[in-house]
Structure formats: C-alpha cells, structure tokens
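Architecture at a glance
Spelled out from the first residue to the last, the chains are:
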There are 2 protein chains.
Amino acid sequence: MVVKEYVTYNQVHKLCKEAAPRILEEFQPQLMIAIGGGGYVPARILRSFLKQPGSTNIPIQAIGLSLYETLPSTHPSASNTPGDVEQPGTKVTRTQWLDLTSLGEMENLVGKRILIVDEVDDTRTTLEYAVKELEKDVEAARQKLGYQGEKTVFSIFVLHNKNKEKKGHLPEDMLNENRYLAARTVGDVWICYPWEATDIDAHDELANKQGAK
Amino acid sequence: MVVKEYVTYNQVHKLCKEAAPRILEEFQPQLMIAIGGGGYVPARILRSFLKQPGSTNIPIQAIGLSLYETLPSTHPSASNTPGDVEQPGTKVTRTQWLDLTSLGEMENLVGKRILIVDEVDDTRTTLEYAVKELEKDVEAARQKLGYQGEKTVFSIFVLHNKNKEKKGHLPEDMLNENRYLAARTVGDVWICYPWEATDIDAHDELANKQGAK
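Quick caveat: nothing in here was measured; it's all calculated off a predicted structure. (Residues numbered from 1 in each chain as written. Chains lettered and ligands numbered in written order. Predicted model: local features only at pLDDT ≥ 70, side-chain atom pairs only at ≥ 80, totals over all residues. Heavy atoms only, no water.)

Section: the pairing of strand S6 (residues 153-162) of chain A
Residues and elements named next belong to chain A. Applicable threshold: Using a 1.4 Å probe on the protein chains alone, a residue whose accessible area is under 20% of its type maximum counts as buried, one over 50% counts as exposed, and one in between counts as partly exposed. The helix and strand labels rest on DSSP assignments: H or I over at least four residues marks a helix, E over at least two residues marks a strand, and numbering proceeds from the N terminus. Note on pairing: two strands pair once DSSP finds at least 2 bridges between them. When the strands point away from the viewer and the connection leading from the first strand across the helix to the second strand turns clockwise, the crossover is called right-handed.
Burial analysis of S6 places 9 of its 10 residues in the buried class, the great majority of the element. Two strands pair when backbone bridges link them, and strand S5 (residues 113-121) and S6 are joined in this way by 8 bridges, in the parallel orientation. Each bridged residue has a counterpart across the sheet, and for Ile116 the counterpart in S6 is Ile156. Of the crossover connections in this fold, the one passing from S5 over helix H3 (residues 125-145) to the parallel S6 is right-handed.

Side note on the side chain of B:Asp99
The criterion, for reference: Counted charges follow a simple rule, with Lys and Arg positive, Asp and Glu negative, and His plus the chain ends left uncounted. We define a salt bridge as a side-chain nitrogen of Lys or Arg found within 4 Å of a carboxyl oxygen belonging to Asp or Glu. Any pair of nitrogen or oxygen atoms within 3.5 Å is treated as a polar contact; in protein, a donor-acceptor pairing is required on top of that, and neighbouring residues in sequence qualify only through side-chain atoms on both sides.
Inspection of the secondary structure puts B:Asp99 in the loop between strand S4 (91-96) and strand S5 (113-121). Notably, B:Asp99 is buried but unbridged: the nearest opposite-charge side chain belongs to A:Arg94, and the N-O separation is 6.1 Å. Here the side chain of B:Asp99 touches A:Trp97 through a polar contact of 2.6 Å, landing on its backbone nitrogen.

Looking at the nonpolar core
Put simply, the test is: Put simply, a nonpolar core is a bunch of buried Ala, Val, Leu, Ile, Met, Phe, Trp, Tyr and Cys residues held in one set by side-chain atoms that sit within 4.5 Å of each other. Contact criterion: two residues are considered in contact whenever any of their non-hydrogen atoms come within 4.5 Å of each other.
Of all hydrophobic cores here, the largest spans 69 residues; its most connected members are A:Leu46, A:Phe157, B:Leu46 and B:Phe157. Each residue touching A:Leu46, except ones within four places of it in the same chain, is listed here: A:Cys16, A:Ala20, A:Ile23, A:Met32, A:Leu115, A:Val117 and A:Phe157. Within the second largest apolar cluster, 26 residues are counted, among which are A:Ile63, A:Ile116, A:Val131 and A:Ala182.

Here's the deal with the relation of the copies chain A and chain B
So the rule is basically this: When the copies are overlaid, the least-squares fit takes in C-alpha atoms only where the residue has pLDDT of at least 70 in both copies.
By a simple turn and slide, chain A fits onto chain B: the slide is 0.0 Å along the axis, the RMSD is 0.0 Å, and the turn is 180 degrees. Here the symmetry operator amounts to a two-fold rotation axis. A share of 100% of the interface residues of chain A reappears at the interface of chain B, consistent with the copies meeting face to face through the same patch.

Considerations on the pairing of strand S6 (residues 153-162) of chain B
In the sheet, S6(B) pairs with strand S7 (residues 180-186) of chain B via 6 bridges, with the strands oriented parallel. Looking at S7(B), one finds that B:Phe157 is bridged to B:Leu181.

A short note on the sheet that holds S5(A)
Residue and element names in this part refer to chain A. Cut-off, in case you're wondering: For every element, the axis is a line fit to its C-alpha atoms; helices are fit only across the contacting stretch, and the angle between N-to-C directions ranges from 0 to 180 degrees.
Strand order in the open sheet made by the 6 strands is S4-S3-S2-S5-S6-S7, with mixed pairing throughout. In this open sheet, the two edge strands, each paired with only one partner strand, are strand S4 (91-96) and strand S7 (180-186). Adjacent strand axes in the sheet meet at a mean angle of 25 degrees, parallel and antiparallel pairs treated alike. Packing of helix H2 (residues 40-50) onto the sheet brings it into contact with strand S2 (31-36), strand S3 (60-68), S4, S5 and S6, and relative to S2 it is tilted by some 160 degrees.

Details of the side chain of B:Asp118
Within the element layout of this structure, B:Asp118 appears in strand S5. Buried B:Asp118, no salt bridge; nearest opposite-charge side chain is A:Arg44, N-O distance 8.4 Å. Once residues lying within four places of it in the same chain are set aside, the contact partners of B:Asp118 are B:Ile35, B:Gly38, B:Gly39, B:Pro42, B:Thr126, B:Leu127, B:Phe157, B:Val158 and B:Leu159.

Let's talk about the packing of helix H1 (residues 9-27) of chain B against helix H2 (residues 40-50) of chain B
Residues and elements named next belong to chain B. The condition is simple: With respect to orientation, any angle under 35 degrees is reported as roughly parallel, any angle over 145 as roughly antiparallel, any angle of 65 to 115 as roughly perpendicular, and every other angle as oblique. By convention, the crossing between two helices is left-handed when the near helix turns anticlockwise from the far helix through less than a right angle, and right-handed when the turn is clockwise.
The contact between H1 and H2 brings their axes to 9 Å, and the two run at 50 degrees. When the axis of H1 is compared with that of H2, the two are oblique. For the pair H1 and H2, the sense of crossing is right-handed. Residue-level contacts link Val12, His13, Cys16, Lys17, Ala20, Ile23 and Leu24 of H1 to Pro42, Ile45, Leu46, Phe49 and Leu50 of H2.

Some details on the pattern of salt bridges
One pass over the structure, following the stated rule, counts 30 salt bridges over all chains. We note a salt bridge from A:Lys14 to B:Asp201, for which the minimum N-O separation is 3.0 Å. Taken together, the residues A:Lys14 in helix H1 (residues 9-27) and B:Asp201 in helix H5 (residues 200-209) connect one chain to another. On the basis of relative accessible area, A:Lys14 is assigned to the partly exposed category, the value being 28%. Among the salt bridges present, the one from B:Glu139 reaches B:Arg142, with a minimum N-O distance of 2.8 Å. Pair noted here: B:Glu139 and B:Arg142 are both in helix H3 (residues 125-145), with a separation of 3 residues, about one helical turn. Taking relative accessible area as the criterion, B:Glu139 reaches 33% and is therefore assigned partly exposed. Several salt bridges share partner residues, and in doing so they unite A:Asp122, A:Lys162, A:Lys164 and A:Asp188 into one network.

A look at the interface of chain A and chain B
What counts is decided by this rule: Buried area counts how much accessible surface, traced with a 1.4 Å probe, disappears from two parts once they are put together, with both parts' losses summed. Nonpolar residues are Ala, Val, Leu, Ile, Met, Phe, Trp, Tyr, Cys and Pro. Charged residues are Asp, Glu, Lys and Arg, and all others, Gly as well, are polar.
At the interface, 33 residues of chain A touch 33 residues of chain B. Carbon and sulfur atoms supply 50% of the area buried between chain A and chain B, which totals about 3,100 Å² over both sides. Broken down residue by residue, the surface that chain A buries against chain B is led by A:Tyr9, A:Tyr40 and A:Arg44, which jointly contribute 21%. Across the chain A-chain B interface, the total number found is 4 salt bridges. If you look at where chain A meets chain B, you find 21 residue pairs in polar contact (both at pLDDT 80 or more). Top element by residues in the side of chain A that touches chain B is H2(A). It accounts for 7 residues. Grouping the amino acids of the side of chain A that touches chain B by side-chain chemistry returns 13 nonpolar, 10 polar and 10 charged.

Some points on unusual backbone geometry
Of note, the amide linkage connecting A:Gly36 to A:Gly37 takes the cis form, showing an omega dihedral of -5 degrees. The topology assignment puts A:Gly37 in the loop between S2 and H2. Positive phi, close to 75 degrees, is recorded for A:Arg124, a residue that is not glycine. Position of A:Arg124 among the secondary structure elements: in the loop between S5 and H3. Judged by relative accessible area, which is 12%, A:Arg124 ranks as buried. Phi is positive for B:Gln28, close to 40 degrees, though the residue is something other than glycine. A relative accessible area of 41% means that B:Gln28 is categorised as partly exposed.

Some remarks on the packing of aromatic side chains
Going by this rule: Two rings from Phe, Tyr or Trp (for Trp, the six-membered ring) form a pair when their centres are within 6.5 Å of each other. A pair whose planes differ by under 30 degrees is stacked, one over 60 is edge-to-face, and the rest are tilted. When the NZ atom of lysine or the CZ atom of arginine is within 6 Å of a ring's centre and also within 35 degrees of its normal, the charge is said to sit over that ring.
One pass over the structure, following the stated rule, counts 8 aromatic pairs over all chains. Centre to centre, the rings of B:Tyr9 and B:Trp195 are 6.2 Å apart; their planes meet at 50 degrees, and the pair counts as tilted. Taken together, the positions of B:Tyr9 in helix H1 and B:Trp195 in the loop between strand S8 (190-192) and H5 put the pair 186 residues apart, joining distant regions of the chain. Given the relative accessible area of 0%, B:Trp195 is considered buried. Through successive ring pairs, a cluster of aromatic residues spans A:Tyr9, A:Tyr193, A:Trp195, B:Tyr9, B:Tyr193 and B:Trp195. A:Arg94 extends its terminal NZ or CZ atom over the ring of A:Trp97, reaching a point 3.9 Å from the ring centre. Sitting over the ring of A:Tyr180, A:Arg124 keeps its end group 4.9 Å from the ring centre.

Spelled out as structure tokens, the structure:
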C-alpha cells in the first residue's frame, strides 16, 4: 500500500521560510528557475523570504518540464492498468524553456548564481534534465560571449526529497559542495501537495491527523 | 488609512475551485498564461481543477511582468518617501516572455483559447500590457503563417478585481463577451496574499478575524 503524506499550504510556506536563511547565506541566488507546475508555488513563496530590504525581488524564470509516460494504448502490456494509477514517467519533455532576452542585465546565465526550485525530488529525472540542459545552455552562451573563468553556480531547492534510489543524477560538485537543499527528506511516500487537493478542508484534516503544525 | 484584506491560501484555493466550472464551460482554455509572480499560485491551483479525466493537463506558460517605479534617488521630489511605502508603478517591464518553441502543437497561439491568470486587477496596467502584447504576437504569427480566420480568443482570470478607476484598458469585445472573470470584486483595499506573509499563522488569524472561512 502506498503511504500518503498530506502537506498543507501553511506547511509549505513554513518550509520555505525555514530554508530561506540558509539559501541566502550559502547559495546567494541572483535568479530563481522554477520548474513548473510544481515549482511555481514554492518559488513564489521563497521570493518573499529571499527579498532583501532595499533590493528588488530576485527574478524568477519559469520553465515547464513534465515526465511523459508512453500512453497505455501504445503499450499493449499496460492495457490492464487502470487509468488513474500514478506512474512516474521516464521521458522529460519541455513545455517552456528560458527566455533570456527579457532579463536585462541577467540576459545570460554565465557567471551567475542560480537556484533551481521544484516541489519534490522523486526519481531525480527531472532535476537531472534541468541541470544538464541549463549547464549546456550556459556553456554555449559562455563560448559565444568569449567569457573566461566566470563560473556559473547552480543550486537546488526542493520541498521534499524522497530517500530512495534515484534514476537521475546530479553533478558531483553540487552534492559535495552542499548546493542541494531539501527542506524535508522523507521515505518513498506519495506526497499530496495542497494544490492538487479537490477538497482542501478534507486535505487539511488528513494532514492534521498526521501531525501537521 | 489603507484597509488591508488578508487572504489565506485555502481561500485562494477555494476561489480557484469555485471559478473552474465557469472557466471550463465558457472559456474552455487550451493554454494558461500565468503572469508571474502573482499568477503562479492561482495558475497552478487552477490547473488541478481544469484537468479533465483522460486528458493531459492544460499547459501553463509563465510570463514575468513587473510594474516599475522610477527609483526615489532619481526622482528628487520623492526623496521624503519612506522606502517601504507600496507605490504601484506605471511602467511595465518584462522579466520573462513566452517560449513558444517548446509547446509542441501549441507552438503558436494562433486560433487558440488562452486564459491569462493573475492575482489581482488593481490599476489594470499589467493586464492591458499582457493582452496588447500577446495580441501583437498572435497577429505577427498569424501573418507569418499565412493563416486566415483562425480567431485567437483571450480570456482573463484574476482572484480579485479592485473596483476603482482603471489606468489600463481591456479590449471592448473581451468585456462585452464576458471573457473577464474575477473571483471576487473588492473595494480599493490592500490585499495581503498569503505568499507575501512573513508569519503565516498571524496572517491567518487576521484573515479569520475578518471572517475567512
């Protein structure tokens, strides 16, 4: 049986608040990249907590990535699978990518400190894709601009990391240099985020029963 | 004195839920465009309620728009203004625009039904900018593609519309055809959204005192 963990909006808000000081101190991000749809809410909340008095907000670029599953109809062996079973996909597709022309002085990522934000690190497939593709873009931009030595530093913030074997992998130096921050590490549970709830009061009740504060 | 209205996450969630049937029935959007940062949260929540069984999620494109105020230091007459006073800006700047190359069959907006999502319609300046610029892009794409007659239909969803004189204006046909939906119409109050709260428990208490359900 899949264990479900219910998370309320206020819990998400507090996880962002709790993480903000460390993000500010250690990552000092100049730009956030929110992986949509799951990264939208934490990125927006984080932006409030990362704002420094007298400074403008840290800009957010949203990218859209989704894990695609081969449709059951094209996969005979899966024909008995009920349509509602949640199956994590394996192929990442883009629904939105960066628009660097609108960022002004941030117009390229070269030499910047960039925080990638998502809701959950499950199989790590999406995060691997995001980091690899962003690094590729940065390297192409660096060569085009003829820059040298300007190191671009990516860090990651997720609300939850599932403690399980990962299909995707992150760069060694990111992990070694602690540029990966999960507000909570959980088992291989099904995390129910509030933005997926049909009945938010019932959702909160279930979360409260599990000891939500 | 500025009247503040506190809105909880669960209220935002319920406003989206309440609006979803009308959006599905009347607007039938094929794409959402979330105006960031304020549109991120309602767009993500709406996506859950707009999902049809057996269909994929409606894709979200995030755009980033912010109202810029001339900095006090470059504006001598404003030198006495305390830094913390909230002043709605008048000039819209882009921090992110569309990436239509990643949308697959949605690769252009021509002939599509598009829902623009933001948190609040205050002076209407941002919404006017978004609609005008999107219409411009669509017209350019239509001409480039040689399409004829495919009408692109924009609609708008905001959580709150402030009932006040607007600086920005929306197309006549959009208003006449009821393609503008505000979950709530309020007076010229200061709306405190939860994603801007430092202390979310105190925020919720203030909202509850105001009669939040």
